[in-house]
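Below are the chains, spelled out letter by letter.
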Amino acid sequence: MSEAEDRDAEGGDAPASSPTPPHRFVAGTAAIDDLDAFLASLDEVADATDAVVQAFDASLIVSATHLGEATRLAARSIGRGEAVARDPGVEIMLYAAGSRQIDRALSLGVEEGRSRVVVLVADFGAVRGADRTDADLDAAAESVADLLDSPATGAFEPAFDRERVTAFYDIGERERGATAGGVADIVRERVALLDVEK
């Protein structure tokens, strides 16, 4: 089971007015025969633990910071009454996708078949406007791990698919050439820009 507390390197730089809600990652391999049933099981975990539970295709997640920053910005958006989505998990997906289009953001999610996944479990109990109670992240993470075919051990170690990421985020050669950092840096910039472009 892979669980990383909200201690991303960039998390400490976040303004005090917009802290990142406590969160963990549960990564591993999922064998999903019935997507609706799998998502319903995640909803049951959320209902039982009061956690925000959102699954992602691990091949499209470039780092723990990618999801951590999306979580922080989603919480801030909800707190300000500016959220696009009613569901905090979907709001996190919008930021992670760097898009205001819910259909596009949802394509970061999991699909049927056997694939690597990372499931975010977060506590939005202290987020103003989220209308949630404090979450039991330990129970949520443990329950999510039980749903995976092969949960990973240790911290979430991204191994994204560069080709799929560049296609999803429409990152061209020119942009890569003009950026000092790599693809992961460009994706994190897209997450941040979504907040600026509101």
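Residues numbered from 1 in each chain as written. Predicted model: local features only at pLDDT ≥ 70, side-chain atom pairs only at ≥ 80, totals over all residues. Heavy atoms only, no water.

1. Some words on the pairing of strand S1 (residues 23–32)
Moving on, step 1. Most of S1 sits out of view: nine of its ten residues are buried.
Moving on, step 2. Pairing of S1 with strand S3 (residues 113–122), which is carried by ten bridges, proceeds in the antiparallel orientation. Bridge pairing links Val26 to Val119 in S3.
Moving on, step 3. Of the pairings in the sheet, the one linking S1 to strand S4 (residues 150–151) comprises two bridges and is antiparallel in character. Residue pairing across strands places Gly28 opposite Pro151, the latter belonging to S4. (Buried < 20%, exposed > 50% of the residue type's maximum accessible area, 1.4 Å probe, protein only. Helix = DSSP H or I, 4+ residues; strand = E, 2+ residues; numbered from the N terminus. Pairing = 2+ DSSP bridges.)

2. So, the sheet that holds strand S2 (residues 52–57)
Moving on, step 1. Spatial ordering of the open sheet is given by S2-S3-S1-S4, a layout of four strands whose pairing is antiparallel. Of all the strands in the sheet, just S2 and S4 have a single pairing partner and so form its edges.
Moving on, step 2. Running at roughly 115 degrees to S1, helix H2 (residues 64–79) makes contact with S1, S2 and S3 of the sheet. (Contact = heavy atoms within 4.5 Å. Axes fitted to C-alpha atoms, helices over the stretch in contact; angles between N-to-C directions.)

3. Section: the pattern of salt bridges
When their charged atoms lie close together, side chains carrying opposite charge are able to pair.
Moving on, step 1. Scanning all chains against the criterion turns up seven salt bridges.
Moving on, step 2. Between Arg114 and Asp149 there is a salt bridge, with the nearest N and O atoms lying 2.3 Å from each other. Note that Arg114 is positioned in strand S3 and Asp149 in the loop between helix H5 (137–147) and S4, a separation of 35 residues in sequence.
Moving on, step 3. Assessed through its relative accessible area of 44%, Asp149 is described here as partly exposed.
Moving on, step 4. The residue Arg176 makes a salt bridge to Glu173 at a minimum N-O spacing of 2.9 Å. Residue Arg176 and its partner Glu173 are both found in helix H7 (residues 173–178); the two are separated by three residues, about one turn of the helix. (Salt bridge = Lys/Arg side-chain N within 4 Å of Asp/Glu carboxyl O.)

4. Description of the confidence of the model for the protein
Moving on, step 1. Per-residue pLDDT for the protein averages 88, and the proportion of residues at 70 or more is 90%.
Moving on, step 2. Confidence over residues 1–17 falls short of pLDDT 50; this stretch has 37 contacts with residues more than four positions distant or in other chains. (pLDDT = per-residue confidence, 0-100.)

5. Side note on the packing of aromatic side chains
Moving on, step 1. As enumerated under the stated definition, the model contains two aromatic pairs in all.
Moving on, step 2. Taking 5.6 Å as the distance between ring centres and 45 degrees as the angle between the ring planes, the aromatic pair formed by Phe25 and Phe156 counts as tilted. In this pair, Phe25 sits in strand S1 while Phe156 sits in the loop between S4 and helix H6 (162–168), placing the two residues 131 residues apart along the sequence.
Moving on, step 3. For Phe156, a relative accessible area of 7% translates into the label buried.
Moving on, step 4. Aromatic pair Phe168 and Tyr169: ring centres 4.8 Å apart, planes at 75 degrees, arrangement edge-to-face. Across this residue pair, the class does not change: Phe168 and Tyr169 are buried.
Moving on, step 5. When the ring centre of Tyr95 is taken as origin, the NZ or CZ atom of Arg100, which lies over that ring, is 5.9 Å away. (Phe/Tyr/Trp six-rings, centres within 6.5 Å; stacked < 30°, edge-to-face > 60°. Lys NZ or Arg CZ within 6 Å of the ring centre and 35° of its normal.)

6. Focus on H2
Moving on, step 1. Relative to the 22 Å expected for 16 residues at 1.5 Å per residue, H2 spans 23 Å between its end C-alpha atoms, a close match to the ideal helical length.
Moving on, step 2. Its side-chain oxygen 3.3 Å from the backbone nitrogen of Thr65, Ser63 forms the N-cap of H2.
Moving on, step 3. Following H2 by one or two positions, Gly81 has its phi on the positive side, about 75 degrees. (Expected span 1.5 Å × (residues − 1). Polar contact = N/O pair within 3.5 Å; in protein donor to acceptor, adjacent residues only side chain to side chain.)

7. Focus on unusual backbone geometry
Moving on, step 1. Look at Asp50: it is not a glycine, yet its phi comes out positive at around 65 degrees.
Moving on, step 2. Following the sequence through the fold, Asp50 ends up in the loop between helix H1 (35–49) and S2.
Moving on, step 3. The phi angle at Asp131 is positive, at roughly 55 degrees, despite the residue not being glycine.
Moving on, step 4. Mapped onto the elements, Asp131 comes out in the loop between S3 and H5.

8. Let's talk about the nonpolar core
Moving on, step 1. Within the largest apolar cluster, 42 residues are counted, with the highest numbers of intra-cluster contacts made by Phe56, Ile92, Leu108, Val118 and Phe124.
Moving on, step 2. Of all elements in the fold, only S1, S2, H2, helix H3 (88–97), S3, H6 and helix H8 (183–196) reach the threshold of two or more residues within this core.
Moving on, step 3. With near-sequence residues (within four places) excluded, Phe124 lies in contact with Pro21, Val52, Thr71, Ala75, Ile78, Pro88, Ile92, Ala130 and Arg132.
Moving on, step 4. By size, the runner-up hydrophobic cluster in this structure holds 21 residues, among which are Ala30, Val117, Ala135 and Ala141. (Core = buried A, V, L, I, M, F, W, Y, C linked by side-chain atoms within 4.5 Å.)

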